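So the chains spell out like this:
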Amino acid sequence: MQVKGTSFNDRAEASLKAKQELLARAQFVDHALCSVEDGLLLTDPSGMVIFANPRAAQILGLSETALSGGNLFAQLMIAETGVKASGELQSIQRAQEALSQLSAGRVGLERELVIGTAPTRYYTLRLAVVAGPQDKTPLGLVATISEITKQRELQRTQNDVMALVTHEMKTPLTAIQGLSEVLLTFEPDAAKRRELTGAINEAAQRLRRMIDEYLDLTRLEAGAMSPRQAFLRITTFLEQTLLLLDPVAAQRQIRVRRVFPEQLPVVWADADLLARAVTNLIANAIKYSPPHTEITVSAQADDQVLGISVADQGNGIAPEHLVRIFEKFYRIPRVEDADEPGTGLGLALVREIAESHGGRVTVESQLNLGSTFTIWLPLSTVERETHN
Ligand code: ADP
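Please read these numbers as outputs of a predicted model, since none were measured by experiment. (Residues numbered from 1 in each chain as written. Predicted model: local features only at pLDDT ≥ 70, side-chain atom pairs only at ≥ 80, totals over all residues. Heavy atoms only, no water.)

*Asks:* Sorry, what's going on with the overall build of the chain here?
*Replies:* Assigned secondary structure in the chain consists of 12 helices and 12 strands. Taking 2.2 N^0.38 as the reference for a compact globule, 388 residues should give roughly 21 Å; the C-alpha atoms of the chain span a radius of gyration of 32 Å, well beyond that estimate. Principal-axis analysis of the C-alpha atoms places the extent of the chain at approximately 120 × 65 × 40 Å. Across the chain, every contact between residues at least 6 apart in sequence was considered, and the portion connecting residues at least 24 apart equals 62%. Surface summary for the chain: the accessible area is close to 23000 Å², and the carbon and sulfur share equals 56%. (Helix = DSSP H or I, 4+ residues; strand = E, 2+ residues; numbered from the N terminus. Rg over C-alpha atoms; globule rule 2.2 N^0.38 Å. Contact = heavy atoms within 4.5 Å. Areas by Shrake-Rupley, 256 points an atom, 1.4 Å probe, with all protein chains shown as cover.)

Written as structure tokens, this is what we have:
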């Protein structure tokens, strides 16, 4: 009897131990899945999420509980486009398509996920099939989402540098090389020499501007250059900036009008950076306006913000280009601007400078009537109380 009892107790103990081990193992696996840096989701064959780790929920902008029970493909669509999938049936169909593709090929499916706009984040989504141990029937899907934003940014920087060197820098460099060769080979007369040297100097300056703008832009974007802010009296600041630009405008028979109200709050800004931004806007207004037109430089403020506007009566910008002009290297392909040297970096730098001050830049434009660019700078309580 005793033998029997002992063996029963032993069996019960062994079974309890096995259960505990199983539980510990399950908990360990659960912890491990929750700790991985990648998003991880498991679905049934219809794509219904049965497990999602916290990282997956974070990437898709949902709670783990909200994710579980939903369809993976519907959730991915919402995360990527902000649009709800048109029907549950469609999402189930997509899951089944993925499942049959994966089962047929026995390899994983991979594609890129782009989520959000400010900031945009990039991910690689990999899908694999969960197959039954014996007959390999598909039991569901396992999806991993790995972030590749850093690699993407690096790739974009490399592409930018390539674009800068291959397209933009080549033109002035070719001019410098060609013109200096003419100088060396043909011994031109004094007048011609002067003309050629002037052209070489202009190309060198253009090259210099391009490198400076690109480096400043990259440093600001990377957060490696922060504005050195101080209180700035906007009217004095704008008058000083215009001192250098009035002659350039006059050369093209363009008048620069100032509209500065008497009472303007001082702003907390980096004078050098803000001067770069305002100069770029005024230089563009001059570049992209015909002679005998007028440019108005004005400032206005309310309780919250101070705006510096540059309005011209120039070529204007069509809506399809308006959405892209702040992109790096973007130049509007149009005949009127063919002779205007430029890098397509100016407005990207203006935007970056405005944003580094916690502000923004806006534009309104009508084709052939003109454009108004405005830099908006936030005012703190101190600035609002300190008036000119
Ligand atoms: P760019 O060096 O070419 O001037 P920007 O980044 O400053 O580069 O401007 C991008 C493009 O936007 C320009 O190439 C030009 O086509 C357009 N643009 C900028 N400012 C104006 C303006 N005031 N009026 C019309 N077009 C403009």
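*Asks:* I tried to follow the packing of helix α6 (residues 149-186) against helix α7 (residues 190-222) on my own but got confused; where do I start?
*Replies:* Between two packed helices, what matters for the description is the angle formed by their axes and the separation of those axes. Here α6 crosses α7 at 165 degrees, and the two axes come no closer than 9 Å. Considering their axes alone, α6 and α7 lie roughly antiparallel with respect to each other. Handedness of the crossing formed by α6 with α7: left-handed. Among the residues forming the contact of α6 with α7, the class breakdown is 19 nonpolar, 4 polar and 4 charged. (Axes fitted to C-alpha atoms, helices over the stretch in contact; angles between N-to-C directions. Parallel < 35°, antiparallel > 145°, perpendicular 65-115°, else oblique. Left-handed = near helix turned anticlockwise from the far one by under 90°. Nonpolar A, V, L, I, M, F, W, Y, C, P; charged D, E, K, R; others polar.)

*Asks:* Just to check I follow, could you spell out unusual backbone geometry for this structure?
*Replies:* One can expect most non-glycine residues to show negative phi and most peptide bonds to be in trans. Positive phi, close to 65 degrees, is recorded for His292, a residue that is not glycine. Here His292 lies in the loop between α9 (271-287) and β9 (294-301). One non-glycine residue with positive phi stands out, namely Asn368, at about 65 degrees. When you line up the elements, Asn368 lands in the loop between β11 (360-366) and β12 (370-378). For Asn368, a relative accessible area of 56% corresponds to the exposed category. (Buried < 20%, exposed > 50% of the residue type's maximum accessible area, 1.4 Å probe, protein only.)

*Asks:* What's the story with the side chain of Asp270 in this structure? I'm lost.
*Replies:* Its location among the elements puts Asp270 in the loop between β8 (267-269) and α9. Arg228 provides the closest opposite charge to the buried, salt-bridge-free Asp270, at an N-O distance of 5.3 Å. In this structure the side chain of Asp270 is engaged in a polar contact, spanning 3.0 Å, whose partner is the backbone nitrogen of Asp272. (Lys, Arg positive; Asp, Glu negative; His and termini not counted. Salt bridge = Lys/Arg side-chain N within 4 Å of Asp/Glu carboxyl O. Polar contact = N/O pair within 3.5 Å; in protein donor to acceptor, adjacent residues only side chain to side chain.)

*Asks:* In this structure, what is going on with the side chain of Glu213? I would like to understand it.
*Replies:* For Glu213, the location among the structural elements is in helix α7. The side chain of Glu213 is buried and forms no salt bridge, while Arg276, the nearest opposite charge, is found at 4.9 Å. Beyond its immediate sequence surroundings of up to four residues, Glu213 is in contact with Arg276, Asn280, Thr343, Leu345, Gly346 and Leu349.

*Asks:* What's the story with the sheet that holds strand β4 (residues 121-131) in this structure? I'm lost.
*Replies:* The strands making up a sheet associate through hydrogen bonds between their backbones, and the pairing can be parallel or antiparallel. Overall, antiparallel pairing links the 5 strands, which are arranged β2-β1-β5-β4-β3 in an open sheet. Both outer strands of the open sheet, β2 (49-52) and β3 (109-115), are each paired with one neighbouring strand and no more. With strand direction ignored, the average angle separating the axes of adjacent strands in the sheet is 25 degrees. In terms of strand pairing, strand β1 (residues 39-43) meets strand β5 (residues 138-147) through 5 bridges, oriented antiparallel. Looking across to β5, one finds that Thr43 is bridged to Leu141. Across the sheet, helix α4 (residues 72-81) is in contact with β1, β2, β3, β4 and β5; its angle to β3 comes to roughly 40 degrees. Sheet contacts for α6: β3, β4 and β5; angle to β4, the most-contacted strand, approximately 135 degrees. (Pairing = 2+ DSSP bridges.)

*Asks:* Quick question: what am I supposed to make of the site of the ligand here?
*Replies:* Asn284, Tyr288, Arg331, Arg334 and Thr343 are the nearest of the 21 residues found near the ligand. Within the side chain of Lys287, a nitrogen or oxygen atom sits 3.0 Å from an oxygen atom of the ligand. Residue Tyr288 places a side-chain N or O atom 2.7 Å away from an oxygen atom belonging to the ligand. Here the ligand loses 98% of its free accessible area of 530 Å² to cover by the protein chains. Where the shell around the ligand is concerned, the elements lending two or more residues are α9, α11 (346-356) and β12. Per-element accounting of the shell around the ligand gives the leading share, 3 residues, to α9. (Near = heavy atom within 4 Å.)

*Asks:* Any chance you could explain helix α5 (residues 88-105) here in plain terms?
*Replies:* In an α-helix, one turn spans 3.6 residues; hence positions three or four apart end up facing the same way. Here α5 contains 18 residues, and its C-alpha end-to-end distance of 26 Å stays within 8% of the 26 Å for a straight helix at 1.5 Å per residue. Listing the buried residues of α5 in full gives Ser91, Ala95, Ala98, Leu99, Leu102 and Ser103. The arc that holds the buried residues of α5, viewed along the axis, is 130 degrees, so those residues lie on one side. Of the exposed residues in α5, those oriented more than 90 degrees away from the buried face are Leu89 and Ala104. (Expected span 1.5 Å × (residues − 1). Arc of directions from axis to C-beta.)

*Asks:* When you look at the packing of α7 against α9 in this model, what are you seeing that I'm missing?
*Replies:* Contact pair α7 / α9: the axes reach a minimum separation of 13 Å and the direction vectors enclose 125 degrees. It follows from the interaxial angle that α7 and α9 lie oblique. The two elements α7 and α9 cross, and the hand of that crossing is left-handed. Counted together, Asp212, Glu213, Asp216 and Leu220 of α7 and Leu273, Arg276 and Asn280 of α9 form the full contact between these two elements. Of the residues contributing to the contact of α7 with α9, the split by class is 2 nonpolar, 1 polar and 4 charged.

*Asks:* Could you clarify how one ought to interpret the pairing of β11 in this entry?
*Replies:* Regular strands place side chains that alternate from one sheet face to the opposite one. Here β11 shows a buried face lined by Val361, Val363 and Ser365 and an unburied face lined by Arg360, Thr362, Glu364 and Gln366. In this structure, β11 lies alongside β12, joined through 7 bridges in antiparallel fashion. In the sheet register, Val363 faces β12, and the bridge partner there is Phe373. In this structure, the hairpin formed by β11 and β12 is closed by a connection of 3 residues, where Asn368 is found at a positive phi of approximately 65 degrees.

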